[in-house]
Amino acid sequence: VGGDNASMFDLNPFSHEIMSVQPLDREDKDSYKLVIKATEECHQKPSSISSFNPSDDSLLQLIVQIDDQNDNSPKFSQKVFTGGISTDIDYGTSFMQVFAENKDFGIHARLEYFICSVINPVLYEGAELDSSSAFAMDPVTGEIQLNFDPQRNQKGYFEFDVCVRDIGGNNDTSKVYIYLLG
């Protein structure tokens, strides 16, 4: 007979089961407070009321909590991230971070970051380097770490893709450019 958006729910007067009559989405609204009225006229719906009165024994306030589903993909905050490293940065240093958001809640909102392409040295000059392992990524924070010792004679930049995914496999991809600064 009342409450937060009572038109989202219906109550079977004979079985006393409550059901949603429209799709529910936790991202839209995470809970509803409904007011149920007990009456001997089960075949006739009572008139609506504006608020719950706890002193009225014929009324019951029902709070419906909406669980989350993994119905949103994570999204990077940018489609391109850029960073730079110089020769004075030590091996293993985290020097930049990528960030993604997920509108889901709880366990569905947990994200995993990873490098998901080959690390390409572009216009690269300098000491021999295994570019396939030049950078590492923290899977929880999205921080990118230096995985080699930059030398003064190295020039150019690196490009690669980073990915983020949630536990359901929903994902997003972004491009990273890292410049060697002299």
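Preceding this section is the structure that the text describes.
Attention here is on the structure that accompanies the text. (Residues numbered from 1 in each chain as written. Predicted model: local features only at pLDDT ≥ 70, side-chain atom pairs only at ≥ 80, totals over all residues. Heavy atoms only, no water.)

### Focus on the sheet that holds strand 5 (residues 59-65)
Working step 1: Strands sit in the order 1-4-5 across an open sheet of three strands; the sheet is antiparallel. Taken across any chain shown, the strands that pair with only one partner, and hence form the sheet edges, are strand 1 (2-3) and strand 5.
Working step 2: The sheet contact formed by strand 4 (residues 31-37) and strand 5 spans seven bridges and is antiparallel. Bridge pairing in strand 5 links Leu 34 to Leu 62. (Pairing = 2+ DSSP bridges. Helix = DSSP H or I, 4+ residues; strand = E, 2+ residues; numbered from the N terminus.)

### Regarding the state of the cysteines
Working step 1: Using the criterion set out here, one finds one disulfide in the structure.
Working step 2: With its sulfur 2.1 Å from that of its partner, Cys 116 forms a disulfide with Cys 163. Across the S-S bond linking Cys 116 and Cys 163, the dihedral sits near 75°, which makes this disulfide right-handed. Here Cys 116, found in the loop between strand 10 (111-115) and strand 11 (120-125), pairs with Cys 163, found in strand 14 (residues 155-166); they are 47 residues apart in sequence, far enough to count as distant.
Working step 3: For Cys 116, a relative accessible area of 31% puts it in the partly exposed group.
Working step 4: The class for Cys 163 is buried, based on a relative accessible area of 10%. (Disulfide = S-S within 2.5 Å. Buried < 20%, exposed > 50% of the residue type's maximum accessible area, 1.4 Å probe, protein only.)

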